[in-house]
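Residues per chain, in single letters:
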Amino acid sequence: MDLVDEEHRGLFARFEALAKGIHEKAAESDLEELVRFLSEYASTHFEDEEKLMWMAGYPRLPEHRLIHEEMRLHIARMVGATGAGSDDVLSRALDFLTMWLIEHIHTEDQAMARYVKSQLQEQPLPRD
Ligand SMILES: [Fe+2]
């Protein structure tokens, strides 16, 4: 589960970079770049978690995948809010996603990690 922990740190680093960009009133194009960067990273991370759950035969994979889907929708909305010139909307969306992610990591991801660890030896994820 080192990969998942590392990716969670990577996600928070991108959340922080975006929060800093908003706070420092970065150029719209820079904010768009930061949001795109975050969105792509989150997408890869969710796919990696889903692959791990699938490999381990995690029984709650469908529910966990639905939660990720909800998060993907929120991130897509955040992407949509970027460039609309409203840093306030972007900032609120980012706050919401940050809180949401913290909660998710402490609940569903921990439960998933315990199960996956018990079922799988550490092994590299197959990349497409
Ligand atoms: Fe997750």
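That block above? That's the structure.
Residues numbered from 1 in each chain as written. Predicted model: local features only at pLDDT ≥ 70, side-chain atom pairs only at ≥ 80, totals over all residues.

Here's the deal with the packing of helix 1 (residues 2-23) against helix 4 (residues 87-119)
Then, in step 1: Two numbers describe how helix 1 lies on helix 4: the axes approach to 10 Å, and their chain directions differ by 165 degrees. One finds that helix 1 runs roughly antiparallel with respect to helix 4. Note that helix 1 runs across helix 4; the crossing there is left-handed. Across the interface between the two elements, Val4, His8, Leu11, Phe15, Leu18, Ala19 and Ile22 of helix 1 pack against Asp87, Leu90, Ser91, Leu94, Thr98, Leu101, Ile105, Asp109 and Ala113 of helix 4.
Then, in step 2: Taken together, the residues of the contact of helix 1 with helix 4 sort by class into 11 nonpolar, 3 polar and 2 charged. (Axes fitted to C-alpha atoms, helices over the stretch in contact; angles between N-to-C directions. Helix = DSSP H or I, 4+ residues; strand = E, 2+ residues; numbered from the N terminus. Parallel < 35°, antiparallel > 145°, perpendicular 65-115°, else oblique. Left-handed = near helix turned anticlockwise from the far one by under 90°. Contact = placed C-beta atoms within 7 Å. Nonpolar A, V, L, I, M, F, W, Y, C, P; charged D, E, K, R; others polar.)

Some details on helix 1
Then, in step 1: For helix 1, spanning 22 residues, the distance from its first C-alpha to its last is 31 Å, which sits close to the expected 32 Å at 1.5 Å a residue.
Then, in step 2: All of the buried residues in helix 1 are Leu11, Phe15, Leu18 and Gly21. The buried residues of helix 1 occupy an angular sector of 125 degrees when the element is viewed end-on, so they sit on one face. Turned more than 90 degrees from where helix 1 packs its buried face, Asp2, Asp5, Glu6, Arg9, Ala13, Glu16, Lys20 and His23 sit exposed.
Then, in step 3: The inward-facing, buried residues of helix 1 contact helix 2 (28-56) and helix 4.
Then, in step 4: One or two residues past the end of helix 1 sits Lys25, with phi positive at roughly 50 degrees. (Expected span 1.5 Å × (residues − 1). Buried ≥ 20, exposed ≤ 12 C-beta atoms within 10 Å, placed from the backbone. Arc of directions from axis to C-beta.)

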